[in-house]
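A closer look at the structure
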Amino acid sequence: MKRKEKKLMGYELLETDNLIWQFEELIKTLIAMSMPYISQKLFYGIGVAATEMVEDFYSYYILNKERLVERELINNNTLSLLDEIESLTDIVLRTVNSILNFNTNLIYK
């Protein structure tokens, strides 16, 4: 198979399963994660920005990790960095949930 045909076939495969779109959304999520809290609130709108970012990161990276590497959208260095972020998102989610549960308990007592 010629190189051009192989690239086209690969691109069509990426497009049919929305991996390019999910990769683009992952980039947006990473940008949002690097913003100050006020900017994150504006980016995500109503709701808890931290939880939204973690959910987006899970959807766009964790669920697609293998395919992102297989299709060479991320390399091993990037994979390692994103895996570090993944471990931090677990901490963020637990912290946010603890705060929300604490505040809810105060309201309903």
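Residues numbered from 1 in each chain as written. Predicted model: local features only at pLDDT ≥ 70, side-chain atom pairs only at ≥ 80, totals over all residues. Heavy atoms only, no water.

What about the side chain of Glu86?
Following the sequence through the fold, Glu86 ends up in helix 6 (residues 76-108). Polar side-chain contacts of Glu86 include one of 3.1 Å to the side chain of Lys65. When residues no more than four places from it in sequence are discounted, the contact partners of Glu86 are Phe57, Tyr61, Ile62 and Lys65. (Helix = DSSP H or I, 4+ residues; strand = E, 2+ residues; numbered from the N terminus. Polar contact = N/O pair within 3.5 Å; in protein donor to acceptor, adjacent residues only side chain to side chain. Contact = heavy atoms within 4.5 Å.)

Describing the pattern of salt bridges
Counted under the stated rule, the structure contains three salt bridges. Across the pair Asp83 and Lys65 runs a salt bridge whose closest N-O atoms are separated by 3.0 Å. In this pair, Asp83 is assigned in helix 6 and Lys65 in helix 5 (residues 65-70), connecting sequence segments 18 residues apart. For Lys65, a relative accessible area of 24% gives the class partly exposed. The closest approach of N and O atoms between Lys65 and Glu86, which form a salt bridge, is 3.1 Å. Here Lys65, found in helix 5, pairs with Glu86, found in helix 6; they are 21 residues apart in sequence, far enough to count as distant. (Salt bridge = Lys/Arg side-chain N within 4 Å of Asp/Glu carboxyl O. Buried < 20%, exposed > 50% of the residue type's maximum accessible area, 1.4 Å probe, protein only.)

A few points about helix 4 (residues 49-62)
The end-to-end C-alpha distance of helix 4, which contains 14 residues, comes to 19 Å, matching closely the 20 Å that a straight helix rising 1.5 Å per residue would cover. Looking at helix 4, one finds that the buried residues are Ala49, Ala50, Thr51, Met53, Val54, Asp56, Phe57, Tyr60 and Tyr61. (Expected span 1.5 Å × (residues − 1).)

Quick word on a nonpolar patch on the surface
Nonpolar side chains collect at one region of the surface, where Tyr37, Ile38 and Leu42 lie side by side and expose about 390 Å² of accessible area between them. Checked against the element boundaries, Leu42 lands in helix 3 (residues 37-44). For Leu42, a relative accessible area of 71% gives the class exposed. (Patch = residues over 30% accessible without salt bridge, like charges linked within 9 Å, V, L, I, M, F, W, Y side chains within 5 Å. Areas by Shrake-Rupley, 256 points an atom, 1.4 Å probe, with all protein chains shown as cover.)

Focus: unusual backbone geometry
Positive phi values are uncommon outside glycine, yet Glu72 reaches one of about 60°. Mapped onto the elements of the fold, Glu72 is located in the loop between helix 5 and helix 6.

Here we look at the nonpolar core
Most often, soluble globular proteins have nonpolar side chains that are buried together. Leu19, Phe23, Leu26, Phe57, Tyr60, Tyr61, Leu68, Ile74, Leu79 and Leu82 form the largest nonpolar core, which has ten residues in total. Each residue touching Phe57, except ones within four places of it in the same chain, is listed here: Leu26, Thr29, Leu30, Met33, Ile62, Leu82, Ile85, Glu86 and Thr89. (Core = buried A, V, L, I, M, F, W, Y, C linked by side-chain atoms within 4.5 Å.)

A word on the packing of helix 2 (residues 19-33) against helix 4
Interhelical geometry of helix 2 versus helix 4 gives an angle of 150° and a closest axis separation of 9 Å. When the axes of helix 2 and helix 4 are compared, the pair comes out roughly antiparallel. As for the relative orientation of helix 2 and helix 4, their crossing is left-handed in sense. Between helix 2 and helix 4, the residues in contact are Trp21, Gln22, Glu25, Leu26, Thr29, Leu30, Ala32 and Met33 and Met53, Asp56, Phe57, Ser59, Tyr60 and Tyr61, respectively. (Axes fitted to C-alpha atoms, helices over the stretch in contact; angles between N-to-C directions. Parallel < 35°, antiparallel > 145°, perpendicular 65-115°, else oblique. Left-handed = near helix turned anticlockwise from the far one by under 90°.)

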